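Examination of the molecular architecture
Listed here are the chains, written in short residue letters.
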Amino acid sequence: MVTPRSDTAARRPADLPALPRWAVAAVALMAILNLLGAVGGGLVRLGSLSAQGFGPTGAHAIAAHGAVMMAGFFGALIALERVVALRRGLWVPVLAALGGWLGWGAGLWTASGVLWVVSASGLVWLYVWAGSNRAMSLPLAVEASGALALVVANAAFAMGQMDAARIGWSAFLVLTIAGERRELTRLMKLPDWASKAFLMVWAGAVAAVLLALWRPGVATVLWWITMALLAAWLLRWDVATRQWRARGWAGHTAICLVVGYVWLATGSVLGLMGQTVAWHALWLGFVMAMVFGHAPIMLPALAGWRPEPTRWALLPLAVLGASLALRVGASVTGWAAGLSMAGAGHALAFVLFGAVMVRAVRRGR
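Residues numbered from 1 in each chain as written. Predicted model: local features only at pLDDT ≥ 70, side-chain atom pairs only at ≥ 80, totals over all residues. Heavy atoms only, no water.

What follows covers the layout of surface pockets. By volume, the largest pocket is sized at about 1100 Å³. Contributing to the lining of the largest pocket are 31 residues, with Ile 32, Ala 295, Leu 299, Phe 353 and Gly 354 lying nearest its centre. Listing elements by their share of the lining of the largest pocket, those giving two or more residues are helix H1 (21–46), helix H4 (65–86), helix H12 (278–303) and helix H14 (336–363). Residue composition of the lining of the largest pocket, grouped by class: 27 nonpolar, two polar and two charged. When residues of the lining of the second largest pocket are traced back to their parent elements, those giving at least two are H1, H4, helix H8 (162–184), H12, helix H13 (315–333) and H14. Class assignment for the residues of the lining of the second largest pocket results in 19 nonpolar, seven polar and three charged. (1 Å grid on protein atoms, 1.4 Å probe; cavity = no way out; pocket = protein on both sides within 12 Å on 5 of 7 lines; lining within 4 Å. Points joined across faces, edges and corners; volume = space filled by probe spheres on them. Helix = DSSP H or I, 4+ residues; strand = E, 2+ residues; numbered from the N terminus. Nonpolar A, V, L, I, M, F, W, Y, C, P; charged D, E, K, R; others polar.)

See below:
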């Protein structure tokens, strides 16, 4: 989700050659294996998949499937995008993915925590390098603070502070996305109060991460208030709300983003009501909508593929949204069978997305 920037070319030093495609593909595959492990563990917890059917590593994946998803998959994926843009630091996503493997594959969570902290620190270094050697900007600083939140989250996980880890991982993803969206709003003139409101949201998210280490209950309330404000800001000022009628991938991305913003607002309300399903509204509704929306744009940058635009790419988003709505209802009412069906719907959405993108790539250039 971290895209190469035009403004980072302002002070470009002697660059390294582009990373080999095979190396990028290998690391991407390592990250995807963590995604499969995390999704499998989540399906077992929801009752959608038998632990025996998941294999001998099932117990490990179930134990901390959220950690594998956040630190092992997203930690590797976002770092890989930054590495491709900067042409350096391939070890950063490799360590993130390897940490996930050691966790869900062998149950070596202590080793996972160490590798994840080192990898997250490497991601911070990549942002510092970009700001020092290319160009510093507010969006880059916001994204860098997301990487710092990942360091805090991974360290909290290693120390067994799961509440702080949950908020830190969420901040890592949210601030990365918010930084990218703020960068695009630089193309339009914002009122002074809107710019200041964004800074307040940024400060609130960072404060929640730090506060979670000492007062997780208070930090959680602050987090959801901040997310509600961010959702309102994005729905009012993000360029996606003006582009959803566009043709091709631009329209697809805009639709995915707007749907994600609605889920962010929904998760905020659920979180302030004390519903734990709010976290999944954030991760599956908001974050995965961002992934579905940005994937067609990132494939050319990461792999050189140019998928053909297709409206079928919205089908996985619809399936994911429907299954997530079912999950929210089932969680609130305690309907176990509904949770199982929701988990199956999540898995179906991921499979459909993969199939649609493969077809689009094969039909594209």
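Read on for the rest.
Located in the positive-phi region is Arg 87, a residue other than glycine, with phi close to 60 degrees. Within the secondary structure layout, Arg 87 lies in the loop between H4 and helix H5 (91–106).

With 91% of its residues at a pLDDT of at least 70, the protein chain reaches an overall mean of 90. Low pLDDT, under 50, characterises residues 1–13; the predicted model gives this stretch 42 contacts beyond four residues in sequence or across chains. (pLDDT = per-residue confidence, 0-100. Contact = heavy atoms within 4.5 Å.)

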